[in-house]
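Examination of the molecular architecture
As a plain string of letters, each chain reads:
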Amino acid sequence: MAHVSSTLPPALRRKRRREAARTAAFLSPWLIGFGFFFLYPLLSTVYFSFMNYDGFAAPTFVGLRNWDFVFTKYPSFWQGMGNTLWLVAVMVTLRVAFGLGVGLLVTKVKTGSGFFRTAFYLPYLAPPVAATMAFAFLLNPGTGPVNHLLGEIGLPQPGWFTDPSWSKPALTMLAMWGIGDLMVIFMAALLDVPREQYEAAELDGTSAPQRFRFVTLPNIAPIVVFAVVTGVIQAMQYYTQAIVAGKVASGVIGGSGQQFEPGYPHGSTWTLPQMVYNLGFQRFDTGSACVVAIILFAISMAFTSLLMRRRAGFLNSED
Amino acid sequence: MTLAPSLPTKVVPRTLALRAARRKAVLNWVAVHSLAIAAALFFLLPFVFVFLTSVMTDRQALTSDLWPHHWQWSNYTKVWNTDGFLTWWRNTLLYAALGTALTIASSLPVAYALARFRFRGRNLALMAVVSMMMLPPQVTVIPMYLFWAKQLHLSGTLWPLIIPMAFGDAFSIFLLRQFLLTIPKEYVEAARIDGCGELRTLLRVILPMARPAIAAVALFQFFSCWNDYFGPQIYASENPGAWTLSYGLESFKGAHHTNWNLTMAATLLVLAPVMILFFLAQRAFVEGVTLTGVKG
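Residues numbered from 1 in each chain as written. Chains lettered and ligands numbered in written order. Predicted model: local features only at pLDDT ≥ 70, side-chain atom pairs only at ≥ 80, totals over all residues. Heavy atoms only, no water.

The number of helices and strands found in chain B is 15 helices and 0 strands. Compactness check: chain B gives a C-alpha radius of gyration of 27 Å against a globular reference of 19 Å for 296 residues, more than 25% above the reference. Seen along its three principal axes, the alpha-carbon backbone of chain B occupies a region of about 90 × 75 × 30 Å. Summarising the internal contacts of chain B: among those between residues at least 6 apart in sequence, 71% fall at separations of at least 24. (Helix = DSSP H or I, 4+ residues; strand = E, 2+ residues; numbered from the N terminus. Rg over C-alpha atoms; globule rule 2.2 N^0.38 Å. Contact = heavy atoms within 4.5 Å.)

The structure is reproduced here in structure tokens:
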């Protein structure tokens, strides 16, 4: 490029330079932000992952000891990894399927569609802490309304957030309650499917499930991929609901300096992001916390790169 | 359908076919709406139960009764007057309002440059925006905490959460850019012919047109500050005077251990502003969600 511009007439060269300065000026908040809130902490995290550092005394180099600790001597790492993968697999699948179902339903509703859209969307807006507290109450095994209603119709009453085999399903239910964003995205995609394709398929004598399979699905496939990939990334970051549900269900008083059994009950809601907080801010093992942070980063970026494929249509440009 | 009487010879077969089609349509209507009602119950009943419990007496809240015998509205004033609740409220509002204003002021020019300027490395910059948008906050939190707490001694305040917003927010940049791409180039060119510089074009031409997108970004940003739990837990937890509603709410459950009625009243008080804001600006919000998910 440099040699091309050197052959340009001076007026044009000046214009180029002015344009570059203008671009830099417009981008400057982001350039600073990217460098300081992304690159710098990322490199520091890598640096600290090789250091023994308690946040107070000077850090000392320990090579791969933190990595070895996390992978081989810290059994709750694999438990947390297992829980995170469980949430990724189950929560994302059910959320996307349910979001698509509700989106489909909403496009078919003729009477009161405004009411239904709002009703399905509202829970998405509930602040995560408030939503989790509400669900901890609703699913509270002793006096909660859900178990009350289940008892009334003679069904078993699970322990939900207090039972290790029900805590993750309870969190999944909470996640499905907040489906509003996916519903809107799917609804928009479904309304974009060309009418003529349905009409043509109908003339060919296809059944409704066949039309869904051969007309709807291919048309909305990019949005399904988008929903799955962003869902996986969100599930990797899953934090607030897991920690609040654990605290409320275990009856531990929240607030500053209070310790509680992480991942209550029995580590069943323990996830990778909580591990970073626990190792770094409660056990003051900065090095190991940074190892977990890098693992989290690597997995998240692997999925992010899927979104950035040209085919995903996520990074479309004007030309 | 009104044609039928004028064609007497074909009345019989046609009405039969029509009747079958109509019956099918009615059945379809009933099926769709029953499903929708069932779904609406799943989405709305939690709000109803939470509300009903929030007005129960302390004693009734300990039972599994679903309907309050005596509507105790004073639960709400009791929560409102709890130590700290007003402070948390004020802190949350400060965090959300300042954070939103800073985010928009810093993200709009970046989004404009990414949507309109042609420069080397533009795709790289876009990839960087998306990467940052998808980055779990836990990945960078340790060095950032060390910086804010040890270098600037700002832990115990919300400033470590607010100040970074003056340097662009990836999600807002992305969403604004998606929207700006949909504004025809001709507007920019017309402004240029009228002698506007880029900044004037952005402020005078683009800004008014981008109002819906800016409203959507503002709402998203406001909600994400309002809902943030991780940030305040990291930076504000040591100082109850800097807690936000999301962080304080959880400790409220601790302070009122068995009082589900008060806890649910507090939960609704945290939820209410979000709901009110949503009803006031519903369209902007839904447009914003669509914009993030669908290629522009």
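Now that the structure is up, let's keep going.
Turning our eyes to something else, we now look at the UniProt feature "transmembrane region" (unreviewed entry) in chain A. Within this numbering scheme, the UniProt entry marks residues 23-43, 85-107, 119-139, 170-191, 212-233 and 286-308 of chain A as carrying the feature "transmembrane region" (unreviewed entry). The distance separating the terminal C-alpha atoms of residues 85-107 of chain A is 33 Å; by composition the span is 100% helix and 0% strand. (UniProt positions renumbered as here; feature names shortened; annotations may be inferred.)

All names here are of chain A. Considering the arrangement of structural elements, one finds Asn147 in helix α7 (residues 145-152). The buried category is assigned to Asn147, whose relative accessible area is 2%. Polar contacts involving the side chain of Asn147 include one to the main-chain carbonyl oxygen of Pro158, which spans 2.9 Å. Ignoring anything within four residues of it in the chain, the contact list for Asn147 reads Leu138, Asn140, Pro141, Gln157, Pro158 and Trp160. (Buried < 20%, exposed > 50% of the residue type's maximum accessible area, 1.4 Å probe, protein only. Polar contact = N/O pair within 3.5 Å; in protein donor to acceptor, adjacent residues only side chain to side chain.)

Residues and elements named next belong to chain A. Within the fold, Val229 resides in helix α11 (residues 208-236). When the C-alpha positions of Val229 and Val92 are compared, they lie 8.9 Å apart, and in sequence the two are 137 residues distant. Here Val229 is in contact with Phe303, Leu306 and Leu307, once residues within four sequence places are set aside.

What follows concerns the interface of chain A and chain B. At the junction of the two partners, chain A supplies 102 residues and chain B supplies 111 residues. For the pairing of chain A and chain B, the buried interface totals around 9,200 Å² over both sides, and the portion due to carbon and sulfur atoms is 77%. Of the charged contacts, one joins Glu198 of chain B and Arg22 of chain A as a salt bridge, the two residues approaching to 3.3 Å between their closest N and O atoms. No other element matches the 18 residues that helix α2 (residues 10-49) of chain A contributes to the side of chain A that touches chain B. A breakdown of the residues in the side of chain A that touches chain B according to their chemical character gives 71 nonpolar, 24 polar and 7 charged. (Buried area = accessible area lost by both parts, 1.4 Å probe. Salt bridge = Lys/Arg side-chain N within 4 Å of Asp/Glu carboxyl O. Nonpolar A, V, L, I, M, F, W, Y, C, P; charged D, E, K, R; others polar.)

Next up on the list: the nonpolar core. Residues Trp30, Phe77, Phe120 and Leu125 of chain A together with Leu180 and Phe285 of chain B are the most contacted members of the largest nonpolar core, which totals 193 residues. For this core, the element with the most residues is helix α4 (residues 85-116) of chain B, which contributes 13 residues. In contact with Phe120 of chain A, other than residues within four places in its own chain, are Val102, Leu105, Val106, Ile179, Gly180 and Met183 of chain A together with Ala36, Ala39, Ala40 and Phe43 of chain B. (Core = buried A, V, L, I, M, F, W, Y, C linked by side-chain atoms within 4.5 Å.)

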